[in-house]
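Architecture at a glance
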Amino acid sequence: MRNSERFPFVKKVNDLGQENYVPYMPITLSYGGIYLESMGLLDTGATINVLPYDLGLQLEAVWNNQTVSIPLSGNLQPIEARGLVVSGIIGDFSPVRLAFA
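Thresholds, definitions, all that
Residues numbered from 1 in each chain as written. Predicted model: local features only at pLDDT ≥ 70, side-chain atom pairs only at ≥ 80, totals over all residues. Heavy atoms only, no water. Helix = DSSP H or I, 4+ residues; strand = E, 2+ residues; numbered from the N terminus. Buried < 20%, exposed > 50% of the residue type's maximum accessible area, 1.4 Å probe, protein only. Contact = heavy atoms within 4.5 Å. Lys, Arg positive; Asp, Glu negative; His and termini not counted. Charge placed at Lys NZ, Arg CZ, Asp CG, Glu CD. Pairing = 2+ DSSP bridges. Polar contact = N/O pair within 3.5 Å; in protein donor to acceptor, adjacent residues only side chain to side chain. 1 Å grid on protein atoms, 1.4 Å probe; cavity = no way out; pocket = protein on both sides within 12 Å on 5 of 7 lines; lining within 4 Å. Points joined across faces, edges and corners; volume = space filled by probe spheres on them. Nonpolar A, V, L, I, M, F, W, Y, C, P; charged D, E, K, R; others polar.

Here the focus is the overall build of the protein chain. A count of helical and extended segments in the protein chain gives one helix and five strands. Its helices and strands taken in sequence order, the protein chain reads β-β-β-α-β-β from the N to the C terminus. For the C-alpha atoms alone, the extent of the protein chain along its principal axes is close to 40 × 35 × 25 Å. Here the protein chain holds 101 residues, and 26% of them are scored as buried. Counting only contacts in the protein chain whose residues sit at least 6 apart along the sequence, the fraction spanning at least 24 positions is 36%. Counting 6 positive and 9 negative side-chain charges, the protein chain places the centres of these two groups 6 Å from one another.

Now the structure itself:
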């Protein structure tokens, strides 16, 4: 098993046609026996992981059944967030538990 891996910056074009390069990494998420392959934004400075609502639905997570409320700050402060713990697999690394809002 490797102990490090590099992820390239991928060109993304926004709705205004502006190009940006963002560090994306392939990740497999699992929850309740469901596996979902996706791309995740690699943000080593983040204080919270955010799972898009639609990915939670694809994992068949029932957001209203999640009991851990997570207070957000900044421009996300007025939005209700609940915690969800899933398993994540990146490359050849061992699976890890990831907490998302």
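What follows covers the pairing of strand β2 (residues 19-31). One ladder, built from five bridges, connects strand β1 (residues 9-13) with β2; its direction is antiparallel. Looking at β2, one finds that K11 is bridged to Y21. The hairpin formed by β1 and β2 contains five residues between the paired strands, and G17 there has a positive phi angle of roughly 85°. Where β2 folds back onto strand β3 (residues 34-41) in an antiparallel hairpin, the turn is made up of two residues, including G32, whose phi is positive at roughly 60°. Where β2 and strand β4 (residues 84-89) come together, three bridges link them in antiparallel fashion. From the neighbouring strand, S30 faces β4, where its bridge partner is S87.

This next bit is on the environment of L42. Tracing the backbone shows L42 in the loop between β3 and α1 (53-58). The spatial distance from the C-alpha of L42 to the C-alpha of V22 is 8.2 Å, given a sequence separation of 20 residues. In contact with L42, not counting residues within four places along its chain, are F7, P23 and M25.

Another aspect to go through is the side chain of Q66. If you trace the backbone, Q66 turns up in the loop between α1 and β4. Given a relative accessible area of 15%, Q66 falls into the buried group. Side-chain polar atoms of Q66 contact the backbone oxygen of V62, separated by 3.2 Å.

Now for the layout of surface pockets. Approximately 540 Å³ is the volume attributed to the largest pocket. Taken together, 19 residues form the lining of the largest pocket, with G40, L41, N49, V50 and F100 sitting closest to its centre. Sorting the residues of the lining of the largest pocket by element identifies β2, β3 and β5 (96-100) as the ones contributing at least two each. With four residues, the top contributor of residues to the lining of the largest pocket is β3. Tallied by class, residues from the lining of the largest pocket come to 14 nonpolar, four polar and one charged. Within this model, the second largest pocket holds a volume of roughly 260 Å³. Lining the second largest pocket are 13 residues, with I79, E80, A81, R82 and A101 positioned closest to its centre.

Function cannot be read off these values alone, since they describe shape.
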